[in-house]
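Here's the letter readout for the chains.
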Amino acid sequence: MATDRWTSRIGFILAAAGSAIGLGTVWRLPYVAGTEGGGAFFLIFLVLLLTVGTALLLAEFVLGRHTQEGAIRAYKHVAPKGQWQWIGILGMVAAFLLLSFYSVVGGWIIAYLVRSFGGQVTNPPDGDYTALFETITANPWEVGIAHLAFMIMTILVVQQGVRKGIEKASVYMMPALFILFAVLVVRSLTLDGAWEGVVFFLQPDLSAVTGETLLTALGQAFFSLSLGVSVMVTYSSYLGKSENLPRSAWSVVLLTILIAFMAGLVIFPGVFAFDLQPDEGPELIFTILPAVFGEMAFGSLFFTLFMILMLFATLTSAFSLVEIIVKPLIRGKEEKRVKMTWIVGLLIFAMGIPSNLSFGVLADWDVFGDIFFNQVDYLVSNILLPTGAFLISVFVSWRVRKEDLQEEMLRGSNRGIGFFNTWLFTSRYIVPIAILVVFISMI
Ligand code: TRP
């Protein structure tokens, strides 16, 4: 069993919120909302976060804290005879694939950051921001090295363990992220023409909603809270027995919602103020934000700061994705951590190479109708995460003894049995059925 622990509740919450808040919220949410119709998508996403998402987050917290084990052993601990550890293995595979393309975007951030020091980003030749994105991603060396640099930064933190590495990095990075985001919201909302973007982002047009929209919103809700791959099981396994789980879960969800709002309010006003298209896809923030910053005083300075914060948000999420894989592999032998972290991190980098190149030299490589990057994202976000979420919810709510669940959830909390029963009902029936319905509506 691991002896490493979070030093404080706030350390745990910031690390968990750090895992949750990342590219999914700041980069993926705005562009899928942009392609799925804006406000309606966001509304559905919020409802899912507050119901299914929160219930599942609590389920993962309860399992991790109860067993004090990571992805594989947590399931074995509860059900030694069954085959439930496959949920953990599925999670490790999903985390591996997820980080393979996630780290590519981490690399783009580094590439933009480096270029922004020269003021090149907010002032491209002819004001063509899309061309800049294409130039950067088309050069395999530039994005390749940046991608590797991102993975090495992640490895250097995770190899130091939970308390000295992940928590320490998170308690500095997360507050900094909130503060600069607030500054940027003000800047974006005061742009001429900002209002149209706010309307697009917040006004729901439910007629645009299809089965695919629901599935995407569900996948996005899991993605945003880092659910379905046992990341939150792993993080809460390092938590002391007296911490209040419901309160921690709400804190993480509310912080995520706050940042999601702020991200939308930074990005969409900018999109509309500069007549750009909100449904551009993965490159959205990389072509739009430089344009937005380019228009303002000290734009290049703000842009650089923003990229630093994006880098923090992305790193704190990447830590969790590596940790969930490393912890089961070292089986409690902390002396193996450094080596294993390097092996896992570099394999993820290798797996990410085709995703990286699919915006450049492999752009014409058609993988079942889309580029490799988007297909890996689709496989993870719309298939593996909902499947993992389904299994975790079923496992925790049906397989863990009810008395253990209740004791684990209510210890240190002032919530009553009514809260517990509502959660249990939601996890046993509503979450699995919601996932099934959305899956079936797809076929
Ligand atoms: N939640 C992170 C984001 O929104 C990404 C992430 C980190 C994640 N760990 C995860 C997503 C585990 C799913 C599962 O950017």
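Note that the coordinates shown come from a computational prediction; the quantities given were computed from them, not determined experimentally.

Some words on the overall build of the protein
At step 1: Counting its secondary structure elements, the protein contains 18 helices and 0 strands.
At step 2: Once the C-alpha set of the protein is aligned to its principal axes, its extents read approximately 65 × 50 × 40 Å.
At step 3: Counting only residues that meet the buried cut, the protein has 60% of its 443 residues in that class.
At step 4: Counting contacts in the protein only where the partners sit at least 6 residues apart, residues at least 24 apart contribute 82% of the total.
At step 5: Total accessible area on the protein stands at roughly 16,500 Å², and carbon and sulfur atoms take up 66% of it.
At step 6: Here the protein holds 26 positive side-chain charges and 30 negative ones, and the gap between their average locations is 21 Å.

Thoughts on the pattern of salt bridges
At step 1: This structure, assessed with the given rule, holds 12 salt bridges.
At step 2: Of the charged contacts, one joins Arg73 and Glu69 as a salt bridge, the two residues approaching to 3.9 Å between their closest N and O atoms.
At step 3: Since its relative accessible area comes to 36%, Arg73 is described here as partly exposed.
At step 4: Its relative accessible area of 14% is what places Glu69 among the buried residues.
At step 5: Between Arg411 and Glu407 there is a salt bridge, and its shortest N-O distance comes to 2.8 Å.
At step 6: Using a relative accessible area of 25% as the deciding quantity, one classes Arg411 as partly exposed.
At step 7: Overall, the relative accessible area of 44% leaves Glu407 in the partly exposed class.
At step 8: Shared partners join several salt bridges into a network, and the residues in it are Arg65, Lys241, Glu407, Glu408 and Arg411.

Side note on the site of the ligand
At step 1: Inspection of the region around the ligand gives 18 residues, with Ala20, Gly24, Tyr102, Phe223 and Ser226 positioned closest.
At step 2: Take Ser19: an N or O atom from its main chain is 3.0 Å from a nitrogen atom of the ligand.
At step 3: Taking Ser224, its main chain carries an N or O atom lying 3.4 Å from a nitrogen atom of the ligand.
At step 4: Burial of the ligand by the protein chains amounts to 100% of its free accessible area of 360 Å².
At step 5: Here the ligand is seated within the largest cavity.
At step 6: Among the secondary structure elements, those contributing two or more residues to the shell around the ligand are α1 (9–20), α2 (23–35), α5 (85–117), α10 (211–224) and α14 (299–330).
At step 7: Looking at the shell around the ligand residue by residue, the class counts come to 10 nonpolar, 8 polar and no charged.

Focus: the side chain of Thr341
At step 1: Summarising the element assignment, Thr341 is placed in helix α15 (residues 337–357).
At step 2: Of the residues examined, Thr341 reaches a relative accessible area of 0% and is grouped as buried.
At step 3: With sequence-adjacent residues up to four places away left out, Thr341 is seen in contact with Ile155, Val158, Gln159, Val322 and Val326.

Quick notes on unusual backbone geometry
At step 1: One non-glycine residue, Ser226, adopts positive backbone phi at about 60°.
At step 2: With respect to the helices and strands, Ser226 occurs in the loop between α10 and α11 (231–236).
At step 3: Phi is positive for Ser230, close to 70°, though the residue is something other than glycine.
At step 4: Along the polypeptide, Ser230 turns up in the loop between α10 and α11.
At step 5: Classification of Ser230 by relative accessible area gives buried; the value is 0%.

Describing the environment of Leu23
At step 1: Position of Leu23 among the secondary structure elements: in helix α2.
At step 2: Judged by relative accessible area, which is 1%, Leu23 ranks as buried.
At step 3: When the C-alpha atoms of Leu23 and Ala313 are compared, they prove to be 7.0 Å apart, with 290 residues separating the residues in sequence.

Observations concerning the confidence of the model for the protein
At step 1: Overall, the prediction assigns the protein a mean pLDDT of 85, with 96% of residues at 70 or greater.
At step 2: Mean pLDDT values over the elements of the protein span from 77, in helix α13 (residues 284–294), up to 93, in helix α7 (residues 140–158).

Here we look at a nonpolar patch on the surface
At step 1: Nonpolar side chains collect at one region of the surface, where Trp398, Phe425, Tyr429, Ile430, Ile433 and Val437 lie side by side and expose about 580 Å² of accessible area between them.
At step 2: At 5 residues, helix α18 (residues 417–442) tops the list of elements feeding residues into the nonpolar patch.

Points about empty space enclosed by the protein
Rolled over the atoms, a probe sized like a water molecule indicates the empty space that remains.
At step 1: According to the stated counting rule, one finds 1 cavity of 30 Å³ or more in the structure shown.
At step 2: The calculated volume of the largest cavity comes to roughly 130 Å³.
At step 3: Among the secondary structure elements, those contributing two or more residues to the lining of the largest cavity are α1, α5 and α14.
At step 4: The element contributing the most residues to the lining of the largest cavity is α14, with 3 residues.
At step 5: In terms of residue class, the lining of the largest cavity is built from 9 nonpolar, 5 polar and no charged.

Some remarks on helix α9 (residues 194–202)
At step 1: When we look at burial in α9, the residues that qualify are Ala194, Gly197, Val198, Phe200 and Phe201. Projected down its long axis, α9 shows its buried positions confined to an angular sector of 160°, all on one face.
At step 2: Packed against the buried residues of α9 are α2, α3 (39–67), α8 (162–189) and α12 (245–273).

Structural notes on the packing of aromatic side chains
At step 1: Per the stated rule, a full pass over the model turns up 24 aromatic pairs.
At step 2: Plain terms: the ring middles of Tyr102 and Phe223 are 6.3 Å apart, the flat faces sit at 40° to each other, and that makes the pair tilted. Highlighted residues: Tyr102 in helix α5 and Phe223 in helix α10, separated in sequence by 121 residues.
At step 3: Its relative accessible area of 3% is what places Tyr102 among the buried residues.
At step 4: With a relative accessible area of 7%, Phe223 lands in the buried category.

Basis of the calculations
- Residues numbered from 1 in each chain as written.
- Predicted model: local features only at pLDDT ≥ 70, side-chain atom pairs only at ≥ 80, totals over all residues.
- Heavy atoms only, no water.
- Helix = DSSP H or I, 4+ residues; strand = E, 2+ residues; numbered from the N terminus.
- Buried < 20%, exposed > 50% of the residue type's maximum accessible area, 1.4 Å probe, protein only.
- Contact = heavy atoms within 4.5 Å.
- Areas by Shrake-Rupley, 256 points an atom, 1.4 Å probe, with all protein chains shown as cover.
- Lys, Arg positive; Asp, Glu negative; His and termini not counted.
- Charge placed at Lys NZ, Arg CZ, Asp CG, Glu CD.
- Salt bridge = Lys/Arg side-chain N within 4 Å of Asp/Glu carboxyl O.
- Near = heavy atom within 4 Å.
- Polar contact = N/O pair within 3.5 Å; in protein donor to acceptor, adjacent residues only side chain to side chain.
- 1 Å grid on protein atoms, 1.4 Å probe; cavity = no way out; pocket = protein on both sides within 12 Å on 5 of 7 lines; lining within 4 Å.
- Sits in = over half its atoms within 2 Å of the grid points.
- Nonpolar A, V, L, I, M, F, W, Y, C, P; charged D, E, K, R; others polar.
- pLDDT = per-residue confidence, 0-100.
- Patch = residues over 30% accessible without salt bridge, like charges linked within 9 Å, V, L, I, M, F, W, Y side chains within 5 Å.
- Points joined across faces, edges and corners; volume = space filled by probe spheres on them.
- Arc of directions from axis to C-beta.
- Phe/Tyr/Trp six-rings, centres within 6.5 Å; stacked < 30°, edge-to-face > 60°.

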